[in-house]
Amino acid sequence: MKAVRFGEYGGVDVLDTAEVPVPEPGPGEALVQVKAAGINPGEAKIRQGLLHSRYPATFPSGEGSDLAGIVTRTGNGVAGFAVGDEVIGYTDNRASHAEYVVVPEEHLTGRPAAIPWEVAGSLYVAGCTAYAAVRAVALASGDTVVVAGAAGGVGCLTVQLARLAGASVVGLASQGHHDWLRSKGVTPATYGDGVANRIRAVAPRTDAFIDTFGAGYVRLALDLGISPNRIDTIANFAAVQEYGVKAEGNAGGASASTLAELAGLVAAGKLEVPIAAAFPLEAVRDAYRQLEQGHTRGKIVLIP
């Protein structure tokens, strides 16, 4: 089978597709033929070596967590899934950017027929991260939350889940994404110089802040008068130590039950996962080049 590999830390040029053996499912595992697998900024940082102290790579390294596909084989003890089942899931072994991947049964949930493969295959990392972030800041009806990076892969889901929680949402994004944000009931504001005044102009009181971008947004949230226990960042871990804010990311929501809940919202038309682009597996370098340019609304997905 074909699988994405990189043999050293570096830019997109270290990525390649290699012919490797199809893995065998062990006890409690299923072999899934991957129909779609999302890509994520964290994977790019791991490949660049920027997260070596937290997530070191062993070379040659695979990559990818998100996946959706069809069960083609099951190991001993698998009771919840059978050959032919269409599933959404995730792997913790950096292995989903491939034609086949072995997945623990407890990391899988069924794919509702209403969800396209591209959407299903890019739901896990961004969806579970957004789910955890919204809960980390304890949103309730009547609250106002600011979301930085509101049109990105995580941000575009965060704003929608925040609205479903009953909050008013101010979304920081470039002008080109404002109409989409408005269509989701979000008040858009352009980032950059003067952003604090633009936020105050549309939301005199802000109760919570979710930072999906990094840079100086935690400091901005504090300057807006938001309590540290209602600020969550998925991109500025130094701020946790410095200011006492939260850093609830994917790990805070990572489970098949969360994935099933998100999939149900998508199938019911209550949650949109915008797909910015889809690339064949062999074009993985092009996919990450687009991702690393930024300003992409929604998700980029690989199609093995």
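Here goes a summary of the coordinates provided. (Residues numbered from 1 in each chain as written. Predicted model: local features only at pLDDT ≥ 70, side-chain atom pairs only at ≥ 80, totals over all residues. Heavy atoms only, no water.)

Turning our attention to the packing of aromatic side chains. Here the structure, examined in full by the defined rule, presents five aromatic pairs. Aromatic pair F6 and F59: ring centres 6.0 Å apart, planes at 70°, arrangement edge-to-face. Residue F6 is located in strand β1 (residues 2-6), and its partner F59 is located in the loop between α1 (41-48) and β4 (66-74); the two are separated by 53 residues in the primary sequence. When its relative accessible area of 2% is taken as the criterion, F6 is described as buried. Taking the relative accessible area as the measure of exposure, F59 reaches 34% and is therefore partly exposed. Ring pairs connect the aromatic residues F6, Y9 and F59, which therefore count as one cluster. Above the face of the F237 ring, R54 is positioned so that its terminal group lies 4.5 Å from the ring centre. The ring centre of W117 lies 3.8 Å from the NZ or CZ of R111, which sits over that ring. (Phe/Tyr/Trp six-rings, centres within 6.5 Å; stacked < 30°, edge-to-face > 60°. Helix = DSSP H or I, 4+ residues; strand = E, 2+ residues; numbered from the N terminus. Buried < 20%, exposed > 50% of the residue type's maximum accessible area, 1.4 Å probe, protein only. Lys NZ or Arg CZ within 6 Å of the ring centre and 35° of its normal.)

Quick look at the environment of I70 now. Take I70: it is sitting in strand β4. In sequence terms I70 and I88 are 18 residues apart; their C-alpha atoms lie 8.8 Å from each other. Each residue touching I70, except ones within four places of it in the same chain, is listed here: L31, V32, Q33, K35, G84, D85, E86 and W117. (Contact = heavy atoms within 4.5 Å.)

Before going further, it helps to spend a moment on unusual backbone geometry. Between F59 and P60 the backbone carries a cis peptide bond, its omega angle lying at -5°. The topology assignment puts P60 in the loop between α1 and β4. Positive phi values are uncommon outside glycine, yet R94 reaches one of about 50°. The topology assignment puts R94 in the loop between β5 (86-90) and β6 (100-104). For A215, which is not glycine, the phi torsion reads 55° and is therefore positive. On the secondary structure map, A215 appears in the loop between β11 (208-211) and α7 (217-223). A relative accessible area of 62% places A215 in the exposed class.

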